Amino acid sequence: MSLENRTCLVTGASKGIGRGIAEELGEHGADVAVNYRSSEEEAYEVVDYIEDAGGTAVPVQADVAKIDEVEGMYEEVHDAFGNIDVLVNNAGITVDKKFENMTREDWDRVMQVNLGGVFNCTKVCFEDIRQAHEGRLINISSVVGQQGNYGQANYATTKSGLFGFTRTIALELAHEGSTANCVAPGFVKTDMLADVPDRVKEGILERIPLDRFAEVEDIVSMVTFIAQKQSSYMTGQILGINGGMEW
Ligand code: NAP
């Protein structure tokens, strides 16, 4: 599997799933732009990891919810590596509350990052991905977008929204040979899951046939597969990696 001469931008790459994705893409030879919002130290660690593995990487700060910052990030990546071939829209947040307690502000914040951020980053990279002909848009959704989840009306809505977005962009890229796909992880051992109360986690585990939460690596390997040119006939797909959870 080789990603030589491919430039990849991974949003939210300072931690968790995004970090794992950035590191593995770099290990496979890609030039990687490591986006972060506030975790600068961690982002530099990711860059060091990739360079120690013989790859090339740059840290790029931007809040994906802010279009001016995203435009600036695109310029930085372009100056460092040229056109972007692969965009991984990974950055995401939760603001969990039962719907009766959810404020309009809680709703808007999650929309701004999880969907607004995807719009912003895809907007600035779209022409590069189209022109790459073997370009890749990879959106990180969630099993929660397929099932819904108690206390996550805002988050689940954003993650379902990515299905329609992905399938539409897949159609709009297809005539140039570039693809758009969605990876929908189950529950993964990151800071996001660490925030979930233990009794809720026990309930979730009972619904996972493989009887374990996912490791970051379980998700990363699918994203790496899609990023390479050999995945060229797969587009508009929603790939569930969830230990067999029903939806
Ligand atoms: P995480 O450990 O909380 O990491 C989130 C990352 O996103 C951090 O690097 C953070 O950077 C970045 N980020 C957050 N808001 C941002 C913004 N406005 N602009 C730029 N970067 C931002 O989360 P994770 O568990 O790895 O989740 C990654 C993705 O997978 C998310 O889209 C999430 O919805 C999805 N997912 C997660 C799970 C799970 O169980 N963990 C399951 C299914 C899907 P800073 O620290 O610098 O802010």
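Residues numbered from 1 in each chain as written. Predicted model: local features only at pLDDT ≥ 70, side-chain atom pairs only at ≥ 80, totals over all residues. Heavy atoms only, no water.

Please give an account of the packing of helix H1 (residues 16-27) against helix H9 (residues 216-227) that cites residues and values.
Where H1 contacts H9, the axes come no closer than 9 Å and their chain directions differ by 50°. By the angle between their directions, the pair H1 and H9 is classed as oblique. Note that H1 runs across H9; the crossing there is right-handed. Residues Gly16, Ile17, Gly20, Ile21, Glu24 and Leu25 of H1 form the contact with H9, whose own contacting residues are Val216, Ile219, Val220, Ser221, Val223, Thr224 and Ala227. Grouping the amino acids of the contact of H1 with H9 by side-chain chemistry returns eight nonpolar, four polar and one charged. (Axes fitted to C-alpha atoms, helices over the stretch in contact; angles between N-to-C directions. Helix = DSSP H or I, 4+ residues; strand = E, 2+ residues; numbered from the N terminus. Parallel < 35°, antiparallel > 145°, perpendicular 65-115°, else oblique. Left-handed = near helix turned anticlockwise from the far one by under 90°. Contact = heavy atoms within 4.5 Å. Nonpolar A, V, L, I, M, F, W, Y, C, P; charged D, E, K, R; others polar.)

How would you summarise unusual backbone geometry if you had to cite specific residues and measurements?
One non-glycine residue, Asn5, lies in positive phi territory at about 65°. Since its relative accessible area comes to 71%, Asn5 is described here as exposed. Backbone geometry at His133 places phi at a positive 65°, although glycine is not the residue there. With respect to the element layout, His133 can be found in the loop between helix H4 (104-131) and strand E5 (136-140). The exposure class assigned to His133 is partly exposed, which follows from its relative accessible area of 42%. (Buried < 20%, exposed > 50% of the residue type's maximum accessible area, 1.4 Å probe, protein only.)

An account of the site of the ligand is requested, with residue identities and associated values reported.
Taken together, 30 residues sit near the ligand, with Ser38, Ser39, Asn90, Tyr155 and Thr190 positioned nearest. The contact in question runs from an oxygen atom of the ligand to an N or O atom on the backbone of Ile17, over 2.8 Å. Tyr155 is positioned such that a nitrogen or oxygen atom in its side chain is 2.5 Å from an oxygen atom of the ligand. Its free accessible area being 890 Å², the ligand has 95% of it covered by the protein chains. (Near = heavy atom within 4 Å. Polar contact = N/O pair within 3.5 Å; in protein donor to acceptor, adjacent residues only side chain to side chain. Areas by Shrake-Rupley, 256 points an atom, 1.4 Å probe, with all protein chains shown as cover.)

Provide a residue-level description of helix H2 (residues 40-52), including the pertinent values.
Over its 13 residues, H2 runs 18 Å from end to end, which matches the ideal 18 Å to within 8%, given 1.5 Å per residue. The set of residues buried in H2 consists of Ala43, Val46, Val47 and Ile50. Buried residues of H2, viewed axially, fall in a sector of 95°; they line one side. Facing away from the buried side of H2 by over 90 degrees, the exposed positions are Glu41 and Asp52. Packing partners of the buried residues in H2 comprise H1, strand E2 (31-36) and strand E3 (56-61). (Expected span 1.5 Å × (residues − 1). Arc of directions from axis to C-beta.)

Describe the pairing of strand E1 (residues 7-10), naming the residues involved and giving the relevant values.
The alternating pattern of E1 places Thr7 and Leu9 on one face and Cys8 and Val10 on the opposite face, and all of these are buried. Both E1 and E2 contribute to a ladder of four bridges, which runs parallel. From the neighbouring strand, Thr7 faces E2, where its bridge partner is Asp31. Note on the crossover from E1 through H1 to E2: the handedness is right-handed. Summarising the sheet, E1 and strand E4 (residues 86-89) pair through three bridges and their orientation is parallel. Bridge pairing in E4 links Val10 to Val88. (Pairing = 2+ DSSP bridges. Right-handed = clockwise from strand over helix to strand, strands pointing away.)

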